[in-house]
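Topology and contacts: notes
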Amino acid sequence: QDKINRVRRWIYEKGTNITSTYVKRMMGPQSLNPTMSAFSTRLARFGVNFYSLFVPDLLHEFELGVWKAIFTHLLRVLHAHGDDAIQKLNRRFRQIPTFGRGTIRRFSNNASSMKRI
């Protein structure tokens, strides 16, 4: 919050351009913006960092990315192997049943196309 306050003073009191190298150098490493959140302002006096309350979604940030990379590598290996390896993979994915009431859906006919991964 100190960085944000400092940059806001530069912008609003000294007239520093928001696209200046000073602002970019100060805000860029942490991807900060020189804006104040009402929650952040009110909770700061209690020593609470409002932004640390957000829990990162590991599935979408990390695990899904790793899964896509591994699946892509598997497809390349199967393609290099030749024969009907890709078709066999698609056949096996189609055999996986759904789970729950539409929670986990059946894979498409062509799982190797990766359209919905």
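Residues numbered from 1 in each chain as written. Predicted model: local features only at pLDDT ≥ 70, side-chain atom pairs only at ≥ 80, totals over all residues. Heavy atoms only, no water.

Moving on, we get to the layout of surface pockets. Each pocket or cavity is described by its volume, and for the second largest pocket that value is around 320 Å³. Around the second largest pocket sit 14 residues that line it, and Ile4, Leu32, Ser40, Asn49 and Tyr51 are the ones nearest its centre. Split by residue class, the lining of the second largest pocket holds 6 nonpolar, 8 polar and no charged. (1 Å grid on protein atoms, 1.4 Å probe; cavity = no way out; pocket = protein on both sides within 12 Å on 5 of 7 lines; lining within 4 Å. Points joined across faces, edges and corners; volume = space filled by probe spheres on them. Nonpolar A, V, L, I, M, F, W, Y, C, P; charged D, E, K, R; others polar.)

Moving on to the packing of aromatic side chains. Going through the model one piece at a time under the given rule, you end up with 2 aromatic pairs. Ring geometry for tryptophan 10 and tyrosine 22: centres 6.3 Å apart, planes at 70°, overall edge-to-face. Residue tryptophan 10 is found in helix H1 (residues 2–13), and its partner tyrosine 22 is found in helix H2 (residues 21–27); the two are separated by 12 residues along the sequence. Geometrically, the ring pair formed by phenylalanine 71 and phenylalanine 93 is edge-to-face, given 5.8 Å between the ring centres and 80° between the ring planes. Placement of phenylalanine 71 in helix H4 (residues 58–81) and of phenylalanine 93 in helix H5 (residues 85–94) is noted, with a sequence separation of 22 residues between them. In terms of burial, phenylalanine 71 and phenylalanine 93 fall into one category: buried. (Phe/Tyr/Trp six-rings, centres within 6.5 Å; stacked < 30°, edge-to-face > 60°. Helix = DSSP H or I, 4+ residues; strand = E, 2+ residues; numbered from the N terminus. Buried < 20%, exposed > 50% of the residue type's maximum accessible area, 1.4 Å probe, protein only.)

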